[in-house]
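In case you want the letters, here they are:
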Amino acid sequence: MADPIIRKVYVLYTGGTFGMKKNKDGRLIPQDLETLKDFIINHTILYVRNPGESEDFVRKRIVTKDGFITLYHQLADDDPETKGKLHKILYKMEALEPPIDSSSITPEHWRQMAEKIKDNKHDFDGFVIIHGTDTMAFTSSALSFILWDIKKTVIVTGSQMPIFHPRTDGIDNFVGSMLMAGYFSNREEMQQVMLYDLNKLYMGNRVVKCDCDSFSVFDSPDVYPLASLETTIKLISAKISLKKAQPKDSLSVKRMFTKKENPQVRILRFFPGITEEYVSGVLNGAAGVILETYGNGNVPEFEWLKTLLLKADKNVLMLNCTQVYRGTVLPIYQASEILTKANVISGYDITPEAALTKMIWTLKSYNNTETIRKILEHSVCGESCAPPISLIMEQ
């Protein structure tokens, strides 16, 4: 019998509801990595245990001597390309210590996650990051920029209910993520940062959290998911063609948060009744500001607003994205003329999460304002329908 084709997946547990249990006060708190691993292994045993086998025997069979855990064998049947072949996914789990609620995630955590992936990229075929859903779209967006040319499958996932709960969505999300990160890791369209939720695989920088009361947590407002995992697995052909800069160009994966300090990046969301004092407070002292504007990118036609934006143009990088759930920033209304005169950068159809993390990434990685502006004006890894940065770099 031929040797099985082995795919290795690195799993990084950062915390989140996925790995939480209630404490004595009834509050959900993150559990340690060993508690999580032991539960997942026991769950696996339910599916690979043969009649008459003891639990200890099965555990020794699915956990290798060098610490790899064997994923459910039945998953090999879900990939049509594996029919008649022997496939196996082996994975190792590590954790960011201590595991945290994702509401406490910072750019430093993004750097740590990226470093873990970069340090292990030659030893694993794919990567899965277990993360809380509250800031998952920020993390998947940030990692898409930090790891823009990783050429590996990186999937961020989590759950609405802990895996220890009988009705958890965590097991399905974990299994689906592992399946895509393992068996599908050799496909070029899968070699990017993605987010997995409820049988859908999305581009990591195209998602928003749209529901906190159901198992369908995320959506991708302006592009199709990359894959659908229902009774059959379908890779969606109507996807964005990712045109990226090459490593030889001025952008490089090594430029990963080279500055220790966090830049002053702020969000200015427009609303009826917005005041001069409020806008001034957001703009003053900022290095970068994300403008969440009305409709196709419109703002009030106030003279004081024009004065403040023109003044900020000298010191602040401003990126415009619509606060509408779905749509594109377009300079088609008179009300957007103020932004044009103030050199506000159009974000096209970028999400607020991707806009914010892209601004942080550029300001933490580059010194030259002209370079930063050029990056913000173009698409680095499919985060918007803006002209791809590679076309600029090749000129």
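Just above sits the structure.
Residues numbered from 1 in each chain as written. Predicted model: local features only at pLDDT ≥ 70, side-chain atom pairs only at ≥ 80, totals over all residues. Heavy atoms only, no water.

Asker: Let's hear about the environment of Glu230: which residues, and what values?
Answerer: Its location among the elements puts Glu230 in the loop between strand S12 (227–229) and strand S13 (233–235). The exposure class assigned to Glu230 is partly exposed, which follows from its relative accessible area of 47%. Distance in space between the C-alpha atoms of Glu230 and Leu198 is 9.5 Å, their sequence separation being 32 residues. Leaving out residues up to four positions away in the same chain, Glu230 has contacts with Asn199 and Lys200. In this structure the side chain of Glu230 is engaged in a polar contact, spanning 3.1 Å, whose partner is the side chain of Lys200. (Helix = DSSP H or I, 4+ residues; strand = E, 2+ residues; numbered from the N terminus. Buried < 20%, exposed > 50% of the residue type's maximum accessible area, 1.4 Å probe, protein only. Contact = heavy atoms within 4.5 Å. Polar contact = N/O pair within 3.5 Å; in protein donor to acceptor, adjacent residues only side chain to side chain.)

Asker: Can you break down the sheet that holds strand S16 (residues 317–322) residue by residue, with the values?
Answerer: Taken in spatial order, the four strands line up as S14-S15-S16-S17 in an open sheet, and their pairing is parallel. Two strands lie at the open edges of the sheet, namely strand S14 (265–269) and strand S17 (345–346), each paired on one side alone. In the sheet, strand S15 (residues 288–293) pairs with S16 via six bridges, with the strands oriented parallel. Its bridge partner lying in S16, Ile290 is registered against Leu319. Against the sheet, helix H10 (residues 369–377) touches S16 and S17, its axis set at about 5 degrees to S16. (Pairing = 2+ DSSP bridges. Axes fitted to C-alpha atoms, helices over the stretch in contact; angles between N-to-C directions.)

Asker: Tell me about the packing of aromatic side chains, and please be specific about residues and values.
Answerer: Two measures describe an aromatic ring pair: the distance that separates the ring centres and the angle between the ring planes. Counted by the stated rule, this structure contains twelve aromatic pairs. Geometrically, the ring pair formed by Phe39 and Phe164 is edge-to-face, given 5.0 Å between the ring centres and 70 degrees between the ring planes. Of this pair, Phe39 sits in helix H1 (residues 33–48) while Phe164 sits in the loop between strand S7 (153–157) and helix H5 (170–182), and the two are 125 residues apart along the sequence. Centroid distance Phe68 to Phe124: 6.0 Å. Interplanar angle 45 degrees. Geometry classified as tilted. Linking Phe68 in the loop between helix H2 (55–62) and strand S4 (69–70) with Phe124 in the loop between helix H3 (107–120) and strand S6 (126–130), this pair joins segments that are 56 residues apart in sequence. (Phe/Tyr/Trp six-rings, centres within 6.5 Å; stacked < 30°, edge-to-face > 60°.)

Asker: Talk me through helix H9 (residues 352–365); I want residue IDs and the actual numbers.
Answerer: Spanning 14 residues, H9 covers 20 Å between terminal C-alpha atoms, matching the ideal 20 Å at 1.5 Å per step. Most of H9 sits inside the fold, with 13 of its 14 residues counted as buried. (Expected span 1.5 Å × (residues − 1).)

Asker: Lay out the environment of Phe18 with the relevant residues and their values.
Answerer: With respect to the helices and strands, Phe18 occurs in the loop between strand S1 (5–15) and strand S2 (20–22). Separated by 144 residues in sequence, Phe18 and Pro162 place their C-alpha atoms 4.4 Å apart. The residues contacting Phe18, other than those within four sequence positions of it, are Leu36, Ile130, Gly158, Ser159, Pro162, Ile163, Gly170 and Phe174.

Asker: How would you summarise the packing of helix H4 (residues 136–146) against H9 if you had to cite specific residues and measurements?
Answerer: Look at H4 against H9: their axes get within 8 Å of each other, and the N-to-C directions meet at 45 degrees. When the interaxial angle is binned, H4 and H9 end up oblique. The handedness of the crossing between H4 and H9 is right-handed. Residues Ala137, Phe138, Ser141, Ala142, Phe145 and Ile146 of H4 lie in contact with H9, whose contacting residues are Glu353, Ala354, Leu356, Thr357, Lys358 and Trp361. Its residues assigned to classes, the contact of H4 with H9 comprises eight nonpolar, two polar and two charged. (Parallel < 35°, antiparallel > 145°, perpendicular 65-115°, else oblique. Left-handed = near helix turned anticlockwise from the far one by under 90°. Nonpolar A, V, L, I, M, F, W, Y, C, P; charged D, E, K, R; others polar.)

Asker: Can you break down the nonpolar core residue by residue, with the values?
Answerer: Proteins that are soluble and globular tend to have nonpolar side chains buried together. Grouped together as the largest cluster of nonpolar side chains are 52 residues, with contacts concentrated most on Ile129, Leu143, Met359, Trp361 and Val380. Broken down by element, the residue count for this core peaks at seven residues, all from H9. Listed in part, the 41 residues of the second largest apolar core include Val9, Ile69, Tyr183 and Met203. (Core = buried A, V, L, I, M, F, W, Y, C linked by side-chain atoms within 4.5 Å.)

Asker: Describe the sheet that holds strand S8 (residues 193–197), naming the residues involved and giving the relevant values.
Answerer: Across the sheet, nine strands lie side by side as S4-S5-S1-S6-S7-S8-S9-S12-S13; this open sheet has mixed pairing. Edge positions in the open sheet fall to S4 and S13, since each of these has one partner strand only. Across the sheet, H1 lies against S1, S4, strand S5 (87–100) and S6, angled at about 155 degrees from S5, the strand it touches most. The sheet contacts of H5 involve S1, S5, S6, S7, S8, strand S9 (200–203), S12 and S13, and relative to S7 the element is tilted by about 175 degrees.

Asker: Go over the packing of H9 against H10, please, and point to the residues and values.
Answerer: Packed helices, taken two at a time, are described by the angle their axes make and the gap between the axes. With their axes 10 Å apart at the nearest point, H9 and H10 run at an angle of 155 degrees to one another. Taken together, the axes of H9 and H10 lie roughly antiparallel to each other. The hand of the H9/H10 crossing is right-handed. Facing Lys358, Met359, Trp361, Thr362 and Leu363 of H9, the residues of H10 in contact are Ile372, Ile375 and Leu376.

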